[in-house]
Amino acid sequence: MADVKQLVSMLQELDDNLVGCMRCGMCQAVCPVYGATFQEGDVTRGKIALLENLAAELVENPQGVSEKLNRCLLCGSCQANCPSGVKIMDIFLRARAILGTYQGFNLVERAIFRGVLQQPGLFNSLLDMGSKFQGLFVKDASNVVGTSCAPLFNSIIGDRHFPKLAKAPLHQKYASLDIPAGKSGLRVAFFPGCVTDKMFPNVGEACLKVFQHHGVGVFMPKNLACCGIPALASGDRTAYDKLVTANLAKLAQGNFDYLVTPCGTCTATLKEIWPLMADSLPADQREAINRLHHKIMDVTAFVVDVLKVTLPEAQTGGKKITYHDSCHLKKSLGVAAQPRKLLQSNSNYEFVEMAEADRCCGSGGSFTLKHYDLSKTIGQRKRDNIVQSGAQVAAAGCPACMMQMMDMLSHNHDNIAVKHVMEVYAESL
Amino acid sequence: MTKVSAALVKEFQSIVSEQNVFVSEAERMAYSYDAAVLEPVMPAIVVAPTDKEQLCKVVKLAYENDMPITVRGSGTNLSGCTIPSAEGNAIVILTNRLNRILEINEQDLYAVVEPGVVTAQFAATVAQKNLLYPPDPGSQAVSTLGGNVACNAGGLRALKYGVTKDYLMGMEFVDYNGNLIKSGSRTVKCVTGYNMPGMMVSSEGTLGVFAELIVKLVPPPKASKAMMAIFDDINQASEAVAGIIAAHIVPCTLEFLDQVTLETVEAATKAGLPVDAAAILLIEVDGGHVQMVEDDAAEVVAICQKCGARSVDMAKDAAHKNKLWEARRAALPSLARAKPTTVLEDATVPRSQIPAMVAAVNDIAKKYALRIGTFGHAGDGNLHPTIMCDRRDKEEFKRVEAAVDEIFDVALKLQGTLSGEHGIGIAKAKWMEKETNKATVDFSKNLRRALDPKYLFNAGKKVL
């Protein structure tokens, strides 16, 4: 553990960003955590004040500040709504890294971020084993939602209802892909992301079906690593840097016009966070990140904006389907119209909006693991909005949101299925 | 460590439950500030009652134990009203869990609410019943109705619709003994007893603690029309404002942006604003009949043109109207982004004095080498001179403080007031006597002493 003086001097480097907060408190209107707790320490203004006062040595307990700082979904709603334009994600990610370095990481975090995630092959084998043996511990919770629960492990994972690990993850069916461009003349690098690969391989397959249908070539190198956000969000900058480096090396092996992912969080991480946090990487990697930046897209935006596919008009009379705006898709990347267009193009469905469609679902990746009760409170509001929309299917553009929505719907015994936008679009082809 | 004894912490916990009492350093620090550019003060304890009975007990216990009491809604005020009173045993009482709308009466046009209801959420809820709650302070997305009453919040629609005090019909508040005091009524007329709601409005937490509010609702307008007029001379804009009022048209909003603000907004938004203009007016008329609104709008255009407007742009549709208003919406965000610190003032003058006030602010900016953008509510003379600075620069901030003092001086000379809508709080308390006189301040002190004998309700604010 470093000494407090060193911590203070590291935090003072954030000062130019921190000082921009004028304490207007407008973040209270959109913060999902504050919406559940009404505690000022849980909202961005409070966290920034704490960091500033820790840097100014007005607050003495870094542990207390760190605990508050971690009660955040990194959803970016505050930044999108901030009148002063404070670079909040920049502050929070760097502050977590500073406090993480100061406090050190526990054994489990070290094992995951610096061990398993760094070796995609090992990560895959471990989970492949998990998928074979999960039948021993896991029982079905809801057939319509498609969830299970594992009462034996409640002490570790809480009473979660989750989709089972896929029997055959995407990487098992397609270790790597190298398909040349077809009639579209375009070729994409496909970055499925961990949750798609391990939990929802059908989402990955839906994307591949769409690429094939529109004549898009696919480059998918073997053993792509995690995008890095879980490590970075936990303050482990070292592990994060290694994951970025490993992915850059894999992606350098092929040629492609665009890099697409079916995961809002992966896309936002690759496109926005990689450049933001590139300062600790060597020059060649920084350049590679800059070159990649313009190629990175959400897969639904790619289909609508780049392929410019002609889509049928919205239909009425089908199964009602609603859409949840994943924070990283809408607030970080501005992707909101495209997934709706794709959903409306499937004539088997009638699209209905839910209230507060762009309010966070409460997943926040590792947030839900560390703060499950809070995550559930936030998720319940999303669930209520889904149910009130009258939809029979709830769609999203991010597998992490899908898991959270499934957990909430299953716990409430709602017979509402959860699908990825690309699954719904692929069904129509 | 908190300076409140463990036994007393337990007593508060027994009233509101353990989870609604906050004593850790990080939790208390989060209630040490508000939106005013002032030094933070840490409270010793933060307590969040969830109903009226708990609120009464918390106030009683705190008062008995000589704890300075600061009540806090969303902490958005710009005058330091919700910064705790002093290092020591100060308590912050949160109202944001008292956030129920108890009644919306569509026949009698009123609503009964708890003080922690968020203004915009309330306005949206009554709008669903096709009713209007007009006060719309800039912080309405997060501000609470209790805070609005405590600071008599204004907003963009004040010229036609009035401010918070015009909508307060009655209230219940907690006195220093923890008793519930009731005043006002659900009726339009009520002369029973003293008009205590009138006394509590803009009392800034110095006389008692609000427990329940009865507010008036009105039917919404059926039509509205927005326009933007561009002027090369600020006096012409002022004449246009006077001309509109003289023609007996009361626009619901009549907003003003000066040249520095236009430049700053344009730099930030590239919206195509006229940066060489001296001022623009954004005007919206509304009313119960479409034709009447059309006629009023046409007359406003004619008046602006007669007064020498370079151009007048009338919104053709909702999208166009939205675009015209973008300049006003972007004013504060753009000024706030230009420099790290934003000092937002609200000196207010009779509307005919706006050109004199803006000229004086520009002279002050020059004198103290500061960049000040002025925008605000031209219809009611409530201007927001906004100083773009960096509070880390000690030398510059001294100049900022001197400039603010001088802005107050000018406003008073022009027969205006220190604060139109932000409040007195800590920031302007020392100026009270200058606007009024010693007898007025003494009278206020006597009133305060009668209702707060130990001087614990938001000590150090409003009246020193």
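In what follows, the structure referred to is the one given above.
Cut-off values and rules
Residues numbered from 1 in each chain as written. Chains lettered and ligands numbered in written order. Predicted model: local features only at pLDDT ≥ 70, side-chain atom pairs only at ≥ 80, totals over all residues. Heavy atoms only, no water. Salt bridge = Lys/Arg side-chain N within 4 Å of Asp/Glu carboxyl O. Helix = DSSP H or I, 4+ residues; strand = E, 2+ residues; numbered from the N terminus. Buried < 20%, exposed > 50% of the residue type's maximum accessible area, 1.4 Å probe, protein only. Contact = heavy atoms within 4.5 Å. Expected span 1.5 Å × (residues − 1). Axes fitted to C-alpha atoms, helices over the stretch in contact; angles between N-to-C directions. Parallel < 35°, antiparallel > 145°, perpendicular 65-115°, else oblique. Left-handed = near helix turned anticlockwise from the far one by under 90°. Buried area = accessible area lost by both parts, 1.4 Å probe. Core = buried A, V, L, I, M, F, W, Y, C linked by side-chain atoms within 4.5 Å. 1 Å grid on protein atoms, 1.4 Å probe; cavity = no way out; pocket = protein on both sides within 12 Å on 5 of 7 lines; lining within 4 Å. Points joined across faces, edges and corners; volume = space filled by probe spheres on them. Nonpolar A, V, L, I, M, F, W, Y, C, P; charged D, E, K, R; others polar.

A. Spotlight on the pattern of salt bridges. All names here are of chain B. A full pass over the atoms with the stated rule returns 51 salt bridges over all chains. Glu-103 is the partner of Arg-186 in a salt bridge, and the nearest nitrogen-oxygen pair spans 3.6 Å. You can see Arg-186 sitting in the loop between strand E8 (180-184) and helix H7 (196-200) and its partner Glu-103 sitting in strand E5 (residues 101-105), a full 83 residues away along the chain. On the accessibility criterion, Glu-103 (25% relative accessible area) is partly exposed. In this structure, the salt-bridge partner of Lys-321 is Glu-284, at a minimum N-O distance of 3.1 Å. Here Lys-321 is found in helix H11 (residues 318-329), whereas its partner Glu-284 is found in strand E12 (residues 279-287), with 37 residues between them in sequence. With a relative accessible area of 23%, Lys-321 lands in the partly exposed category. Given a relative accessible area of 11%, Glu-284 falls into the buried group.

B. Up close: the side chain of Thr-70 of chain B. All names here are of chain B. Note that Thr-70 resides in strand E3 (residues 69-72). Residue classification places Thr-70 among the buried positions, given a relative accessible area of 0%. Ignoring any residue separated from it by four or fewer positions in sequence, one finds Thr-70 in contact with Cys-81, Thr-82, Ile-83, Pro-84, Ser-85, Ile-91, Val-92, Ile-93, Asn-458 and Lys-461.

C. Summary view of the environment of Gly-460 of chain B. Residues and elements named next belong to chain B. As for its position among the elements, Gly-460 is in the segment after helix H16 (438-451). Between the alpha carbons of Gly-460 and Ala-247 there is a distance of 45 Å; along the sequence they are 213 residues apart. Excluding anything up to four places from it in sequence, Gly-460 contacts Gly-425, Ile-426, Arg-448 and Tyr-455.

D. Focus on helix H14 (residues 394-413) of chain B. Residues and elements named next belong to chain B. The end-to-end C-alpha separation of H14 is 29 Å, in line with the 28 Å expected for 20 residues at 1.5 Å each. Those residues of H14 lying buried are Glu-396, Phe-397, Val-400, Ala-403, Val-404, Ile-407, Phe-408, Val-410, Ala-411 and Leu-412. Buried residues along H14 sit in contact with strand E14 (341-344), helix H13 (354-367), strand E16 (382-389) and helix H15 (432-435). Looking one or two residues past H14, Gln-415 carries a phi angle of roughly 65°, positive in sign.

E. Up close: the packing of helix H4 (residues 44-55) of chain A against helix H7 (residues 88-103) of chain A. All names here are of chain A. Packing of H4 against H7 leaves a shortest axis separation of 12 Å and a crossing angle of 50°. One finds that H4 runs oblique with respect to H7. Crossing of H4 over H7 shows left-handed handedness. Contacts from Thr-44, Lys-47, Ile-48, Leu-51 and Leu-54 in H4 reach Ile-88, Ile-91, Phe-92, Ala-95 and Leu-99 in H7.

F. Representation of the interface of chain B and chain A in the model. Counting residues at the interface gives 31 residues for chain B and 35 residues for chain A. Taken over both partners, the interface formed by chain B and chain A buries close to 2500 Å², and the fraction arising from carbon and sulfur atoms is 55%. Sorting the residues of chain B by area buried against chain A places Glu-25, Tyr-33 and Arg-392 of chain B first, and these three jointly supply 22% of that buried surface. In this structure, the connection of chain B to chain A is made through 4 salt bridges.

G. Fine view of the nonpolar core. Formed by 95 residues in total, the largest nonpolar core has its most connected members in Leu-11, Leu-51, Phe-92, Tyr-240, Leu-259, Trp-274 and Leu-292 of chain A. When residues of this core are assigned to their parent elements, the largest contribution, 9 residues, is made by H7 of chain A.

H. Quick look at empty space enclosed by the protein. Residues and elements named next belong to chain A. Taken as a whole and judged by the stated rule, the model has 6 cavities of 30 Å³ or more. Reported here for the largest cavity is a volume of approximately 230 Å³. Along the wall of the largest cavity there are 20 residues; nearest its centre are His-171, Pro-192, Asp-197, Asn-223 and Leu-224. For the lining of the largest cavity, the secondary structure elements donating two or more residues are helix H9 (120-133), helix H11 (170-173) and helix H12 (194-198). Of the residues contributing to the lining of the largest cavity, the split by class is 14 nonpolar, 4 polar and 2 charged. Quantified by volume, the second largest cavity comes out at close to 140 Å³.

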